[in-house]
Amino acid sequence: MKESDIRKYAGLMQELGLTGLEITEDNHVVRLERNLSAPVTETIAVPEGAKPVVPEIKDYSSVTSPIVGVFYAAPAENAEPFVSVGDRVSKGTTLCIIEAMKLMNEITADEDGVIVEICVRNGQVVEYGTELFRLQKVAP
């Protein structure tokens, strides 16, 4: 294999973010590997006079999954969902069900608020800590 071919493959590895590549050509095997343990730093040029990016203020709280399981928005297949975007909920209101090992676990609101986003779809497998809902806090 020519050095130019090896350089071409090395460039392709970097472009695609690969850490290893094995090429078989004419009964010869060449394996290329990259070590990504060294920290990568990137400098971004900011135009003069540009305003700094201000972090977004989070005006909602997240309801996350306390367990691994399957998310269900409604109590039955053809039933209306427990909540929809725009619904006002109170502390203790059932938001969804997560099925884990054939057990149906109701997930309830921890505080009063308005549902501003449903972050998962019905029937989706969720993990511990997956954001399920965004709940905007409301004044009492």
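Now for a quick tour of the structure. Quick caveat: nothing in here was measured; it's all calculated off a predicted structure.

Basis of the calculations
Residues numbered from 1 in each chain as written. Predicted model: local features only at pLDDT ≥ 70, side-chain atom pairs only at ≥ 80, totals over all residues. Heavy atoms only, no water. Salt bridge = Lys/Arg side-chain N within 4 Å of Asp/Glu carboxyl O. Phe/Tyr/Trp six-rings, centres within 6.5 Å; stacked < 30°, edge-to-face > 60°. Helix = DSSP H or I, 4+ residues; strand = E, 2+ residues; numbered from the N terminus. Core = buried A, V, L, I, M, F, W, Y, C linked by side-chain atoms within 4.5 Å. Buried < 20%, exposed > 50% of the residue type's maximum accessible area, 1.4 Å probe, protein only. Contact = heavy atoms within 4.5 Å. Polar contact = N/O pair within 3.5 Å; in protein donor to acceptor, adjacent residues only side chain to side chain.

**Some thoughts on the pattern of salt bridges**
And then number 1: Across all of its chains, the model carries 2 salt bridges by this definition.
And then number 2: A salt bridge links Arg134 to Glu131, with the nearest nitrogen and oxygen atoms 3.1 Å apart.
And then number 3: Each of Glu117, Glu131 and Arg134 takes part in a single network of salt bridges with overlapping partners.

**Section: the packing of aromatic side chains**
And then number 1: Under the counting rule described, the total for this entry stands at 1 aromatic pair.
And then number 2: Judged by centre distance (6.0 Å) and plane angle (55°), the rings of Phe71 and Phe133 are tilted. Of this pair, Phe71 sits in strand β4 (residues 69–72) while Phe133 sits in strand β10 (residues 131–137), and the two are 62 residues apart along the sequence.

**Comments concerning the nonpolar core**
And then number 1: Among the nonpolar cores identified, the biggest contains 15 residues, and Phe71, Val89, Leu95, Cys96, Ile115, Leu132 and Phe133 are the most heavily contacted of them.
And then number 2: Broken down by secondary-structure element, the contributors of at least two residues to this core are β6 (94–100) and β10.
And then number 3: With near-sequence residues (within four places) excluded, Ile115 lies in contact with Val83, Ser84, Val85, Gly86, Asp87, Val89, Leu95, Phe133, Arg134 and Leu135.

**Thoughts on the environment of Ser62**
And then number 1: Turning to its location among the elements, Ser62 is positioned in strand β3 (residues 60–64).
And then number 2: The class for Ser62 is partly exposed, based on a relative accessible area of 32%.
And then number 3: Sequence separation between Ser62 and Thr130 is 68 residues, and the spatial gap between their C-alpha atoms is 9.5 Å.
And then number 4: Those residues in contact with Ser62 that lie beyond four places of it in its chain are Glu131 and Phe133.
And then number 5: A polar atom in the side chain of Ser62 sits 2.4 Å from the side chain of Glu131.

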